Amino acid sequence: MAEQNIILPAGSLETKTTTLNVGPTHPATHGVFQNIMELDGERVVSTEQTVGYIHRAFEKLAERRPLYQVTPITDRLNYCSSPINNMGWHLTCEKMLGVKTPKRVDYLRIIIMELARISDHLICNSIVGVDTGAYTGFLYVMQYRELIYEIYEEVCGSRLTTNIGRIGGFERDFTPTAFEKLEKFLVEYPKVLKEFENLFARNRIFMERTIGGGAISAARALNYGFTGPNLRAAGVDYDVRVHSPYSSYEDFEFDVPVGSTGDNYDRFLVRNQEMYQSLRIIEQAYQKVQAFKGTENDVFHADVPEYYLPEKQDVYTKMEALIWHFKIVMGEIDMPKAEVYQAVEGGNGELGFYLISDGGRTPYRLHFRRPCFIYYQAYEELIKGGMLSDAIVTMSSLNLIAGELDA
Amino acid sequence: MALTNETITSRLQEKFGAEISGIEETYGMLSFEAPKALNLKVLQFLYDDPQLGFQFLTDLCAVHYPDQVGRELAVVYHLHNLADNVRIRFKVFTSVQEPDVFTATQLFSSANWMERETYDFYGVNFVGHPNLKRILNVDEMDYFPLRKEFPLEDQTRVDKDDQMFGRG
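Since the structure is predicted, the reported quantities are computational estimates derived from the model, not experimental observations. (Residues numbered from 1 in each chain as written. Chains lettered and ligands numbered in written order. Predicted model: local features only at pLDDT ≥ 70, side-chain atom pairs only at ≥ 80, totals over all residues.)

## Points about the overall build of chain A
Consideration 1: A count of helices and strands for chain A gives 17 helices and 6 strands.
Consideration 2: A compact globule built from 407 residues would reach a C-alpha radius of gyration of about 22 Å, and chain A, at 23 Å, matches this within 12%.
Consideration 3: Dimensions along the principal axes, computed over C-alpha positions, put chain A at roughly 90 × 45 × 45 Å.
Consideration 4: Classification of the 407 residues of chain A by burial places 48% in the buried group.
Consideration 5: Within chain A, residue pairs in contact and separated by at least 24 positions form 71% of the contacts whose partners lie at least 6 positions apart. (Helix = DSSP H or I, 4+ residues; strand = E, 2+ residues; numbered from the N terminus. Rg over C-alpha atoms; globule rule 2.2 N^0.38 Å. Buried ≥ 20, exposed ≤ 12 C-beta atoms within 10 Å, placed from the backbone. Contact = placed C-beta atoms within 7 Å.)

Structure representation (structure tokens):
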């Protein structure tokens, strides 16, 4: 018999648990997540998350940037729904500056934000599908995320890192093509969503894989600072859109779906239902937008000359517009002294902006409350004692976005 | 009866008297501060009091004010009462030489990483924290990068006259 050449690490025969390094770039983790897991067979004994692999010091960068130069930074937080981040940032600025936006702007913003929410949930839910072994759903719904991206493109010119909107409104009005695409989406998407739901929601294999995995009680979820669909899946009906309405969310009729067990299956169902609710909101918002008549129908921004870029034609022909253009682009306008906290309901929870201004041209301090940074710390508690394969599903069902996590 | 900022203030002053200072209301949110030795007592009181019930820690971060001698670092807690839907902001100040503040991890599990982040960027030493080490930056780093003594742009540049832009 040939001699064995396997060299075992010292003491490995005595050690009952195995240390497994999942990540930083593991094919089963969607993003840069490292977990050093202690495994007993296939069961997770403990894990330590390492975060910060794509940390880009956004909070520091923001301290040297005028307001508009911060918007592209917010794109790169939760990049699955960057319009929500952009709008959240603009709302923060508007709150600080005391800008009141016209209703039409609010409704157009809501259309964009809810589209972003749909695309965010769509990715998350279809990735849960991929991790449980069903690739079809993911490929199928990509087509409709593409349609959402085309709408962004019509409105702001870019797709993923959108930099959409301005303080006080939008950079330009929605084009007829944007509305056409929106109508197409509203007609076609509900059927696709239904089909997507049918693939998973009562699928025996999917249910077996997700029910009971990564469960958390409402009390623990609150203590861990869960927000968004993850908290609602645990049975707490906290939604920033309802609790502290922004951008005229109070004008809309929608339900807040809640789960009960806080497990992977409930998180899936809550997100799925939220997409239907988002569709409801978009439909209402679109009707409201269409109801505007006359000059009201052309409004797409508030009148804030200090912060809203003037028309390009005016910049070339009028002195005052040229001055404003220069001052805005160079960021030479001093902000008022203020301390503001503004939260929006992001794709994965309460996205907060804590802005302190000392009256200068840049924020004195800007802190992002990133929902997934806060709830990712519960990961160990969620997966302890479960199977390694469930830990992977739990990770994707939490909707962790590396860009937001590491800021 | 809805919980108002006045009620919160009077409840706090009943309990802590003159220790609660800096009470102001900015953009509708009540903000106040307490001595750093009392931070846990105040948080616990806000948590336990049946009328107040601030049981959700929304956010925890720090701010550096290099000009305020003896109280350079502020630790800011954003708390939320979900039942009455009221948010408050609570601050404790500490000197940068002795940045020791009690940890809130016993009260809020969510404070764990937020305190690590605050330590990582500002060097606030959270006394009693179970695992106070750097989280987003590399472990070998030996400074606290979000403090104001680290400006972003190279301040020695001479090719750019900032006076032209009124920055000075």
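Back to the write-up after that little detour.
## Brief notes about the overall build of chain B
Consideration 1: Summing up its helical and strand segments, chain B has 3 helices and 7 strands in all.
Consideration 2: Along its sequence from the N terminus, chain B presents helices and strands in the succession α-β-β-α-β-β-β-β-α-β.
Consideration 3: Considering chain B as a whole, with its 168 residues, one finds that 38% of them fall into the buried category.
Consideration 4: Put simply, of all contacts in chain B between residues at least 6 apart along the chain, 49% involve residues at least 24 apart.

## Let's talk about the interface of chain B and chain A
Consideration 1: The interface is formed by 29 residues belonging to chain B together with 33 residues belonging to chain A.
Consideration 2: Of all elements in the fold, only strand 3 (56-64) and helix 3 (111-122) of chain B reach the threshold of two or more residues within the side of chain B that touches chain A.
Consideration 3: When residues in the side of chain B that touches chain A are grouped by element, the largest group, 6 residues, is from strand 3 of chain B.
Consideration 4: Of the residues in the side of chain B that touches chain A, the class split is 16 nonpolar, 10 polar and 3 charged. (Nonpolar A, V, L, I, M, F, W, Y, C, P; charged D, E, K, R; others polar.)

## Digging into helix 4 (residues 103-131) of chain A
Consideration 1: Counted at 1.5 Å a residue, the expected span for helix 4 of chain A with its 29 residues is 42 Å, and the 42 Å between its end C-alpha atoms agrees.
Consideration 2: Of all 29 residues in helix 4 of chain A, 26 are buried, a share of seventy percent or more. (Expected span 1.5 Å × (residues − 1).)

## Observations regarding the packing of helix 4 of chain A against helix 16 (residues 388-397) of chain A
Residues and elements named next belong to chain A.
Consideration 1: Interhelical geometry of helix 4 versus helix 16 gives an angle of 170 degrees and a closest axis separation of 8 Å. As the angle between them shows, helix 4 and helix 16 are arranged roughly antiparallel. Packed against helix 4, whose contacting residues are Ile127, Val128 and Asp131, the element helix 16 presents Ile392, Val393, Ser396 and Ser397 at the interface. (Axes fitted to C-alpha atoms, helices over the stretch in contact; angles between N-to-C directions. Parallel < 35°, antiparallel > 145°, perpendicular 65-115°, else oblique.)

## As for the nonpolar core
Consideration 1: Ranked by size, the top nonpolar core spans 148 residues in total, and within it Ile111 of chain A together with Ala62 of chain B carry the most contacts.
Consideration 2: No other element matches helix 4 of chain A, which puts 14 residues into this core.
Consideration 3: Summarising the domain contributions, this core has at least three residues from each of domain 1 (18-50) and domain 2 (58-305 + 331-406) of chain A.
Consideration 4: The residues touching Ile111 of chain A, leaving out its near neighbours within four places in the chain, are Leu182, Ile282, Ala285 and Tyr286 of chain A. (Core = buried A, V, L, I, M, F, W, Y, C linked by C-beta atoms within 7 Å. Domains from an automatic or database assignment.)

## What to know about the environment of Ser247 of chain A
Residue and element names in this part refer to chain A.
Consideration 1: Inspection of the secondary structure puts Ser247 in the loop between helix 10 (240-243) and helix 11 (264-291).
Consideration 2: In this structure Ser247 comes out as buried when scored by C-beta crowding, with 22 C-beta atoms within 10 Å.
Consideration 3: The spacing of Ser247 and Arg109 is 138 residues in sequence and 7.4 Å in space, taken between C-alpha atoms.
Consideration 4: Once residues within four sequence positions are removed from consideration, Ser247 is found in contact with Met87, Leu91, Asp106, Arg109 and Ile110.

## What to know about the pairing of strand 2 (residues 29-34) of chain B
Residues and elements named next belong to chain B.
Consideration 1: By the bridge criterion, 4 bridges tie strand 1 (residues 21-26) to strand 2 in an arrangement that is antiparallel. Within the sheet, the bridge partner assigned to Thr26 lies in strand 2 and is Met29.
Consideration 2: The turn joining strand 1 and strand 2, which pair antiparallel and follow one another in sequence, is formed by 2 residues; a positive phi near 50 degrees is taken by Tyr27.
Consideration 3: Examined bridge by bridge, strand 2 and strand 5 (residues 86-94) share 5 bridges and lie parallel to one another. Counterpart to Phe32 in the pairing with strand 5 is Phe90. (Pairing = 2+ DSSP bridges.)

## Some points on the sheet that holds strand 4 (residues 73-81) of chain B
All names here are of chain B.
Consideration 1: Within the open sheet, the 5 strands sit side by side as 1-2-5-4-3. Their pairing is mixed. Only two strands of the sheet have a single partner each, and these edge strands are strand 1 and strand 3. Neighbour-to-neighbour, the strand axes of the sheet open up by a mean angle of 20 degrees, direction not taken into account.
Consideration 2: Together, strand 1, strand 2 and strand 5 form the strand contacts of helix 1 (residues 5-16), whose direction differs from that of strand 2 by roughly 15 degrees.
Consideration 3: Along the sheet, helix 3 makes contact with strand 3 and strand 4, crossing strand 3 at roughly 5 degrees.

## So, the pairing of strand 6 (residues 365-369) of chain A
Residues and elements named next belong to chain A.
Consideration 1: The buried count for strand 6 comes to 5 of 5 residues, which makes it a mostly enclosed element.
Consideration 2: Residue alternation in strand 6 divides its side chains into two sets, Arg365, His367 and Arg369 and Leu366 and Phe368, and both sets are buried.
Consideration 3: As judged from the 5 bridges shared by strand 5 (residues 350-358) and strand 6, these two strands associate in the antiparallel manner. Paired with Phe353 across the bridge in strand 6 is Phe368.
Consideration 4: Counted between consecutive antiparallel strands, the loop separating strand 5 from strand 6 contains 6 residues, among which Gly359 sits at a positive phi close to 90 degrees.

## Details of the environment of Gln97 of chain B
Consideration 1: In this fold, Gln97 of chain B is placed in the loop between strand 5 and strand 6 (100-102).
Consideration 2: Residues Gln97 of chain B and Gly70 of chain B lie 27 residues apart in sequence; the distance between their C-alpha atoms is 8.2 Å.

## Remarks on the confidence of the model for chain B
Consideration 1: Mean pLDDT for chain B: 88, with 90% of residues reaching 70 or above.
Consideration 2: Interface confidence in the predicted complex, given as ipTM, is 0.89; pTM for the same model is 0.91. (pLDDT = per-residue confidence, 0-100.)

## Here we look at the sheet that holds strand 2 (residues 34-40) of chain A
Remark on secondary structure: sheet strands pair via backbone hydrogen bonds, oriented parallel or antiparallel.
Residue and element names in this part refer to chain A.
Consideration 1: Here we have 3 strands laid out as an open sheet, ordered 1-2-3, and antiparallel in their pairing. Edge strands, defined here as strands with exactly one partner in the open sheet, are strand 1 (18-22) and strand 3 (43-50). Sheet twist, expressed as the mean angle between neighbouring strand axes with direction ignored, is 20 degrees.
Consideration 2: As paired elements, strand 2 and strand 3 share 7 bridges and run antiparallel to each other. Looking at the pairing, Gln34 lines up with Thr50 of strand 3.

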